[in-house]
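Working through the structure, step by step
Here's the letter readout for the chains.
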Amino acid sequence: MMLKFDIQPSRKIFLFPVLFTNESYYLCDDMSTMKSLIYEAHEAIHGMMPNELHHLIRCNAIIVVDVREADELSHGSIPGAIAIPRGILEMAADLKFRGHHKLLASARQMKIGCICDCPSAGRSSLAALALKEMEFVDVSYLKGGIPLWVADGYNLNKIQTDIFSVKRR
């Protein structure tokens, strides 16, 4: 079936698969919704499959950033991940912010890749886009999120580091 849209030149129309509904496609002419922001992030950032991430973790080639909130970490995290909630990621990544996360903030200067993860690849893709906009060189998000990581047979470990929080000095 052919769909015809009569659209004003100044309006953007997006037709894309949706993660959050039973519908096959979601028509969005307003790029201000959560779904549309996530779609933009998915278009701008490379999504990595769990087997690719597992390989990079074994090679010690990347930093894994778990962007979930503290109360979501009780089920475990990807081995070696650092926990930085999405809401404070930009502060943690900024070397000029006095309370920055030393490893994450230095990753930009050292050109170390960063992979963001979360349960659904929504927050992680937004986080990866934010890091890209902060001029991190190699950023990605985990496709399918943590559920796909587990479904593919990979383990979750207890988070090894403290959950990052903003500390004013």
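Throughout what follows, the structure given in this document is the object of discussion.

Rules behind the numbers
- Residues numbered from 1 in each chain as written.
- Predicted model: local features only at pLDDT ≥ 70, side-chain atom pairs only at ≥ 80, totals over all residues.
- Heavy atoms only, no water.
- Buried < 20%, exposed > 50% of the residue type's maximum accessible area, 1.4 Å probe, protein only.
- Helix = DSSP H or I, 4+ residues; strand = E, 2+ residues; numbered from the N terminus.
- Pairing = 2+ DSSP bridges.
- Contact = heavy atoms within 4.5 Å.
- Axes fitted to C-alpha atoms, helices over the stretch in contact; angles between N-to-C directions.
- Salt bridge = Lys/Arg side-chain N within 4 Å of Asp/Glu carboxyl O.
- Core = buried A, V, L, I, M, F, W, Y, C linked by side-chain atoms within 4.5 Å.

A separate point is the pairing of strand β4 (residues 62-66). Taken across its 5 residues, β4 has 5 buried, putting it largely inside the fold. Side chains Ile-62, Val-64 and Asp-66 project from β4 onto one buried face, and the interleaved Ile-63 and Val-65 project onto a second face that is buried too. Sheet topology places β4 next to strand β6 (residues 113-117); 5 bridges connect them, and they run parallel. By the bridge assignment, Val-64 is partnered in β6 with Ile-115. Alignment of β4 against strand β5 (residues 82-83), held across 2 bridges, turns out to be parallel. Across the sheet, Asp-66 pairs through a bridge with Ala-83, a residue of β5.

On to the sheet that holds strand β3 (residues 46-48), then. Reading across the sheet, the 5 strands line up as β3-β7-β6-β4-β5 and stay open at both edges, with parallel pairing between neighbours. Edge positions in the open sheet fall to β3 and β5, since each of these has one partner strand only. Seen against the sheet, helix α5 (residues 122-133) touches β6 and β7 (139-142) and runs at an angle of roughly 175° to β7.

Attention now moves to the pattern of salt bridges. Enumeration according to the criterion identifies 3 salt bridges in this entry. A salt bridge links Glu-72 to Arg-123, with the shortest nitrogen-to-oxygen separation between them at 2.9 Å. Here Glu-72 is found in the loop between β4 and β5, whereas its partner Arg-123 is found in helix α5, with 51 residues between them in sequence. On the basis of relative accessibility, which here comes to 24%, the residue Glu-72 falls in the partly exposed class.

With that out of the way, let us pick up the nonpolar core. Formed by 26 residues in total, the largest nonpolar core has its most connected members in Val-65, Ile-84, Leu-104, Cys-114, Leu-131 and Phe-136. Broken down by secondary-structure element, the contributors of at least two residues to this core are β4, α3 (89-93), α4 (102-110), β6, α5 and β7. Counting residues per element, this core draws most heavily on α5, which supplies 4 residues. Apart from the residues within four sequence positions on either side, Leu-131 is in contact with Leu-89, Ala-93, Cys-114, Cys-116, Phe-136 and Val-139.

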